Amino acid sequence: MHADIATSHGSEGEELGRIIDGSAIARRIRDKLAVEVAGLAREGIVPGLAVILVGEDPAGAVYVASKERACIEAGMNGITIRLPATTTQAELLTHVRALNDDSAVHGILVQMPLPKQIDPDTVIRAIDPMKDVDGFHPINVGKLLIGEEDGFAPCTPAGVQELLIQSGVNTLGKDIVLIGRSNIVGKPMAALLLQDHLGANATVTICHRYTRDLPSHTRRADILIAAAGRPKLVTADMVKPGVVIIDVGINRVSDPSAPKGYRLVGDVDFDNVRPLASQITPVPKGVGPMTIAMLLKNTVRAATMRAARSAGRSAAATRQPA
Ligand code: GUN
């Protein structure tokens, strides 16, 4: 990886275009978690993550397989329940309730998107909030918004915040512009960055499809986080020199010369934006690996908090930087 971390230099001599290596940062977090999991094993606790995948979505199947592998590698239990695309909402809810009641399961994740016949909000609300390691349940969304730290933050925005911290990016008082207002990334990302906390205390702007004059916002950004799901939406003329770029986009674009017939690209025109940025995440190997690392981290926390509750300890483990 290091061979392609060539850097250029800006007019003031600062290093430009440094790659934020999400794979390496995620690896460090997973190694640390494996040590923590080994400690829990000595107390007879094996954190368990259950993932439910409904249907045959190929991208979903790839993510789910890598989640299971990552769990096992960290010494945790990873189980995957694969259900047909024709599964009814009632059938899915039966599985969720069984996992809520299963003491070997500490974290539950239902892979999104779900087939049309299933209402995702109903499914999310059925998950025990204390097993909701995705951080999608309204209880956890509310806790995140009011800054209560005994809930779970969604994994992708938590991973972005961790990338910023681990890359030495100071967010305090900075102008951070987000593109995208989804419940999975944009909105929880804003909530995390607004807290009075390390890796936060920023001035946050959320842009979306109805934002007028997007470049006028993005050009002000000290840190620009793109999560719109639109390939190469962010071009070089939209950023200010020295910006830190976090690209959350994972878009498949067809490429007949690629072995699979497609390539993954982000929301940022990487080649042209990189020379202007002080630091930038690549796609793949930027934000993606962090999502899984944070999922494991949430699951280990779910197990630790359960152990603390059953031991009657009131000081439950709160969210901490990795
Ligand atoms: N689909 C894409 N990202 C996610 C995620 O973070 N959690 C779940 N459950 N589904 C997803």
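Look up: the structure comes first, before these words.
Cut-offs and rules
Residues numbered from 1 in each chain as written. Predicted model: local features only at pLDDT ≥ 70, side-chain atom pairs only at ≥ 80, totals over all residues. Helix = DSSP H or I, 4+ residues; strand = E, 2+ residues; numbered from the N terminus. Buried ≥ 20, exposed ≤ 12 C-beta atoms within 10 Å, placed from the backbone. Core = buried A, V, L, I, M, F, W, Y, C linked by C-beta atoms within 7 Å. Domains from an automatic or database assignment. Contact = placed C-beta atoms within 7 Å. Pairing = 2+ DSSP bridges. Axes fitted to C-alpha atoms, helices over the stretch in contact; angles between N-to-C directions. Expected span 1.5 Å × (residues − 1). Right-handed = clockwise from strand over helix to strand, strands pointing away. Near = placed C-beta within 6 Å. Nonpolar A, V, L, I, M, F, W, Y, C, P; charged D, E, K, R; others polar. Parallel < 35°, antiparallel > 145°, perpendicular 65-115°, else oblique. Left-handed = near helix turned anticlockwise from the far one by under 90°.

A.B. asks: So what exactly am I meant to see when it comes to the overall build of the chain here?
C.D. replies: The secondary structure content of the chain amounts to 10 helices and 13 strands. The C-alpha extent of the chain, read off along each of the three principal axes, is 60 × 45 × 40 Å. The buried share of the chain, taken over its 322 residues, is 42%.

A.B. asks: I keep staring at the nonpolar core and nothing clicks. Help me out?
C.D. replies: Looking at soluble globular proteins, one finds that nonpolar side chains tend to be buried together. Ranked by internal contacts, the top residues of the largest apolar core, which has 86 residues, are L224, I225, A226 and L296. Considering each element in turn, this core owes the most residues, 9 residues, to helix α10 (residues 288-310). Shared between two domains, this core holds at least three residues of each, these being domain 1 (44-128) and domain 2 (153-288). When sequence neighbours within four positions are dropped, the list of residues in contact with L296 reads R30, L33, A70, C71, A74 and M76.

A.B. asks: Could you clarify how one ought to interpret the sheet that holds strand β5 (residues 77-83) in this entry?
C.D. replies: Whether parallel or antiparallel, the strands of a sheet pair through hydrogen bonds between backbone atoms. The parallel open sheet is built from 3 strands, whose spatial order is β5-β4-β6. One side of each edge strand has no neighbouring strand; the edge strands of this open sheet are β5 and β6 (107-110). Adjacent strand axes in the sheet meet at a mean angle of 15 degrees, parallel and antiparallel pairs treated alike. Examined bridge by bridge, strand β4 (residues 48-54) and β6 share 4 bridges and lie parallel to one another.

A.B. asks: What exactly am I supposed to notice about the pairing of β5 here?
C.D. replies: Looking along a regular strand, one sees side chains alternate from face to face of the sheet. Of the strand pairs in this sheet, β4 and β5 are connected by 7 bridges, and their pairing is parallel. The residue bridging V54 from the neighbouring strand is L83, located in β5.

A.B. asks: Quick question: what am I supposed to make of α10 here?
C.D. replies: Since the α-helix advances by 3.6 residues per turn, residues separated by three or four positions end up pointing in the same direction. For α10, with 23 residues, the first-to-last C-alpha span of 34 Å sits near the 33 Å given by 1.5 Å per residue. Note on α10: the residue one or two positions beyond its end, G312, has a positive phi of about 75 degrees.

A.B. asks: Where do I start with the pairing of strand β7 (residues 175-179) in this structure?
C.D. replies: In terms of residue burial, β7 counts as a mostly covered element, since 4 of its 5 residues are buried. Remark: the β7/helix α7 (residues 186-194)/strand β8 (residues 203-207) crossover connection has right-handed handedness. Looking at chain direction, β7 and strand β9 (residues 223-226) are connected through 4 bridges and run parallel. Counterpart to L178 in the pairing with β9 is I225.

A.B. asks: Help me understand the sheet that holds β9 in this model?
C.D. replies: Read from one edge of the open sheet, 6 strands run β3-β13-β10-β9-β7-β8, paired in parallel fashion. Looking at which strands have only one partner, the edges of the open sheet turn out to be β3 (18-19) and β8. Pairing geometry for β3 and strand β13 (residues 279-280), over 2 bridges, is parallel. Counted as the bridge partner of R18 is Q279 from β13. Packed onto the sheet, α7 meets β7, β8 and β9 and runs at close to 170 degrees relative to β8.

A.B. asks: Looking at this model, I keep getting lost on the environment of V253. Mind explaining?
C.D. replies: Along the chain, the position of V253 falls in strand β11 (residues 251-254). The class for V253 is exposed, based on 11 C-beta atoms found within 10 Å. The spacing of V253 and R263 is 10 residues in sequence and 5.4 Å in space, taken between C-alpha atoms. What V253 contacts, discounting residues up to four positions off in sequence, is P231, Y262, R263 and V265.

A.B. asks: How do you make sense of the site of the ligand when you look at a structure like this?
C.D. replies: Surrounding the ligand, one finds L109, V110, Q111, M112, D134, C155, T156, I184 and T291. Of all the elements in the fold, those that place two or more residues in the shell around the ligand are β6 and α6 (155-166). A breakdown of the residues in the shell around the ligand according to their chemical character gives 5 nonpolar, 3 polar and 1 charged. Inspection of the shell around the ligand shows a minimum of three residues originating in each of domain 1 (44-128) and domain 2 (153-288).

A.B. asks: I would appreciate a short explanation of the packing of α6 against α7 in the present structure.
C.D. replies: Axes are the key here: two packed helices are described by the angle between their axes and the distance separating the axes. Contact geometry for α6 and α7: axes closest at 8 Å, N-to-C directions at 40 degrees. One finds that α6 runs oblique with respect to α7. Two packed elements cross with a definite hand, and for α6 against α7 that hand is right-handed. Residues P157, A158, V160 and Q161 of α6 lie in contact with α7, whose contacting residues are P188, M189 and L192. Considering only residue class, the contact of α6 with α7 consists of 6 nonpolar, 1 polar and no charged.

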